[in-house]
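Analysis of the macromolecular model
Listed here are the chains, written in short residue letters.
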Amino acid sequence: QGQLVESGGGLVQPGGSLSLNCTASGFTLGRYDIGWFRRAPGKQLQGFACIGRSVGSAFYGDSVKGRFTVSRDNAKNTVYLQMNSLKVEDIGIYYCVALFGCHTYYQDNPTTPPYAYWGQGTQVTVSS
């Protein structure tokens, strides 16, 4: 009955910024580590970020380190992804995922992790 819904995707120019929201309904988001995954056209699923149930812990893959920031507001049942300095290589469908642990799933891995909920995805396009 629970759902995880991403929003905020769209089209931006290279070097631009975009922010995504991930909102849970039907379950308590604060009980889970939340991972961010993306799928670029013609490529495998890639986990690139994860934030723990503790707000102060966030982890990033080399592909986005220094450019993307994950945060959460458990009172709003929402996780955020701020994306800056976007590149054409960032194009893809972005998913937030309620995980049982961040483990190494943020390290640009192609692996689909064990999960409780998986969002429907939102499209991010970077083009001039």
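As the structure is a prediction and not an experimental result, all values here were calculated from the model.

Turning next to the state of the cysteines. Enumeration according to the criterion identifies 2 disulfides in this entry. A sulfur-sulfur distance of 2.0 Å marks the disulfide that ties Cys22 to Cys96. A torsion of 80° about the S-S bond marks the disulfide between Cys22 and Cys96 as right-handed. A residue pair is termed long-range when its members are at least 10 positions apart, and Cys22 in strand 3 (residues 18–25) and Cys96 in strand 9 (residues 92–99) qualify at 74 residues. When its relative accessible area of 0% is taken as the criterion, Cys96 is described as buried. Between Cys50 and Cys102 runs a disulfide, and the two sulfur atoms are separated by 2.0 Å.

One pass over the full model with this rule turns up 10 aromatic pairs. The interplanar angle of 70° and the centroid separation of 5.0 Å between the aromatic rings of Tyr115 and Trp118 together place this pair among those described as edge-to-face. Three or more aromatic residues link up through ring pairs in this structure, and these residues are Phe27, Tyr32, Phe100 and Tyr117. We note Arg38 situated over the ring of Phe48; from NZ or CZ to the ring centre the distance is 5.1 Å.

For the rest of this paragraph, the subject is the pairing of strand 7 (residues 68–73). Only one face of strand 7 is covered, namely the one carrying Phe68, Val70 and Arg72; the face carrying Thr69, Ser71 and Asp73 has none of its residues buried. Here 6 bridges tie strand 7 to strand 8 (residues 78–83), and the two strands are oriented antiparallel to one another. By the bridge assignment for strand 8, Thr69 is matched with Gln82. Hairpin connection of strand 7 to strand 8: 4 residues between the antiparallel strands, including Asn77 at a positive phi of 55°.

Under the defined criterion, the tally for this structure stands at 4 salt bridges. A salt bridge links Asp62 to Lys65; the shortest N-O distance between them is 3.5 Å. Summarising the burial analysis for this pair, Asp62 and Lys65 share the class exposed. Through salt bridges with shared partners, one network takes in Arg38, Arg67 and Asp90.

This brings us to the nonpolar core. Trp36, Leu81 and Met83 are the most contacted members of the largest nonpolar core, which has 27 residues in total. Taken together, the elements giving at least two residues each to this core come down to strand 3, strand 4 (33–39), strand 5 (45–51), strand 7, strand 8, strand 9 and strand 11 (122–126). Counting residues in each nonpolar core, the second largest holds 9 residues, with Leu45, Val97, Tyr105 and Tyr106 among its members.

How each quantity is defined
- Residues numbered from 1 in each chain as written.
- Predicted model: local features only at pLDDT ≥ 70, side-chain atom pairs only at ≥ 80, totals over all residues.
- Heavy atoms only, no water.
- Disulfide = S-S within 2.5 Å.
- Helix = DSSP H or I, 4+ residues; strand = E, 2+ residues; numbered from the N terminus.
- Buried < 20%, exposed > 50% of the residue type's maximum accessible area, 1.4 Å probe, protein only.
- Phe/Tyr/Trp six-rings, centres within 6.5 Å; stacked < 30°, edge-to-face > 60°.
- Lys NZ or Arg CZ within 6 Å of the ring centre and 35° of its normal.
- Pairing = 2+ DSSP bridges.
- Salt bridge = Lys/Arg side-chain N within 4 Å of Asp/Glu carboxyl O.
- Core = buried A, V, L, I, M, F, W, Y, C linked by side-chain atoms within 4.5 Å.

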